[in-house]
Amino acid sequence: MQLGTIAAVELRAETKKVHQHRNGTWNDGGECDVETEPENDPTKLETEPYYNIFISGVVKQMQYGSRRAHFLNITYLSELRKDGHPSKYREPGTPPDAPQDCSHWCLPGVPDTWNELLYAQLLSEKFGINKKFPERG
């Protein structure tokens, strides 16, 4: 069996800050249950992580001919929602002294926003749509 040739490649990379612990790490008393509101002060956000800068540079170098690469940087979006983690409010039966979950996100929440942004970007570029069909009005 022979596979067809790929004429154009679309690469999408998404990154985010992995966790938002305060006063320690996930296994050393770190906590995030004190965060009950989104961050409203952009000056409190951390600087752009080095890996985002690196990925952005690689994506720019990949642009040539019909090849397109996009970097959907969701780091700051995620950092603004420091209140979106389960923290100590986890599944029933979790021991009270269990480490707080500051790495995962409550649903619905931030991951849904990531998905909506990616979906909107794909639709705006008509990704995966057969171009032979006329536009609908």
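All of these numbers come straight from a predicted model, not from anything done at the bench.

A surface patch of nonpolar side chains, amounting to about 260 Å² of accessible area, comprises Phe54, Val58 and Met62. Note on placement: Val58 falls in helix H1 (residues 50-61). Val58 sits in the partly exposed class, given a relative accessible area of 30%.

In this structure the tally under the stated criterion is 2 aromatic pairs. Between Tyr50 and Tyr51, the aromatic rings sit 5.5 Å apart at their centres with planes inclined by 75°, giving edge-to-face as the arrangement. Here Tyr51 falls in the partly exposed class, since its relative accessible area comes to 28%.

Here we take up the state of the cysteines. Per the counting criterion, the structure on display carries 1 disulfide. Paired through a disulfide, Cys32 and Cys102 show a sulfur-sulfur distance of 2.1 Å. Classification of the bridge connecting Cys32 and Cys102 rests on its S-S torsion, roughly -95°, and on that basis the disulfide is left-handed. Taken as a pair, Cys32 in the loop between strand E1 (10-15) and H1 and Cys102 in the loop between helix H2 (75-80) and helix H3 (110-124) lie far apart in primary sequence, 70 residues in all.

Right, let's get into the pattern of salt bridges. In total, this model carries 4 salt bridges according to the counting rule given. Across the pair Lys82 and Glu35 runs a salt bridge, and its minimum N-O distance is 3.2 Å. Residue Lys82 is located in the loop between H2 and H3, and its partner Glu35 is located in the loop between E1 and H1; the two are separated by 47 residues in the primary sequence. Judged by relative accessible area, Glu35 falls into the buried class, the value being 15%. Lys82 serves as the salt-bridge partner of Glu39, at 2.9 Å between the closest nitrogen and oxygen. On the criterion of sequence distance, the pair formed by Glu39 in the loop between E1 and H1 and Lys82 in the loop between H2 and H3 is long-range, its members being 43 residues apart. For the pair Glu39 and Lys82, one class covers both residues: buried. In the salt-bridge network here, residues are joined through shared partners; they are Glu35, Glu39 and Lys82.

Moving on: unusual backbone geometry. Following Leu107, the chain continues to Pro108 via a peptide bond in cis, the omega torsion being -5°. Checked against the element boundaries, Pro108 lands in the loop between H2 and H3. Phi at Ser87 is positive, roughly 50°, even though this residue is not glycine. Mapped onto the secondary structure, Ser87 falls in the loop between H2 and H3. Its relative accessible area of 3% is what places Ser87 among the buried residues.

Across the chain, pLDDT averages 78, with 77% of residues at or above 70. Within the chain, the element-level pLDDT minimum falls on E1, averaging 52, and the maximum on H3, averaging 89. Contacts for the low-pLDDT stretch residues 1-10, under 50 throughout, to residues beyond four places or in other chains number 8 contacts.

Parameters at a glance
Residues numbered from 1 in each chain as written. Predicted model: local features only at pLDDT ≥ 70, side-chain atom pairs only at ≥ 80, totals over all residues. Heavy atoms only, no water. Patch = residues over 30% accessible without salt bridge, like charges linked within 9 Å, V, L, I, M, F, W, Y side chains within 5 Å. Areas by Shrake-Rupley, 256 points an atom, 1.4 Å probe, with all protein chains shown as cover. Salt bridge = Lys/Arg side-chain N within 4 Å of Asp/Glu carboxyl O. Helix = DSSP H or I, 4+ residues; strand = E, 2+ residues; numbered from the N terminus. Buried < 20%, exposed > 50% of the residue type's maximum accessible area, 1.4 Å probe, protein only. Phe/Tyr/Trp six-rings, centres within 6.5 Å; stacked < 30°, edge-to-face > 60°. Disulfide = S-S within 2.5 Å. pLDDT = per-residue confidence, 0-100. Contact = heavy atoms within 4.5 Å.

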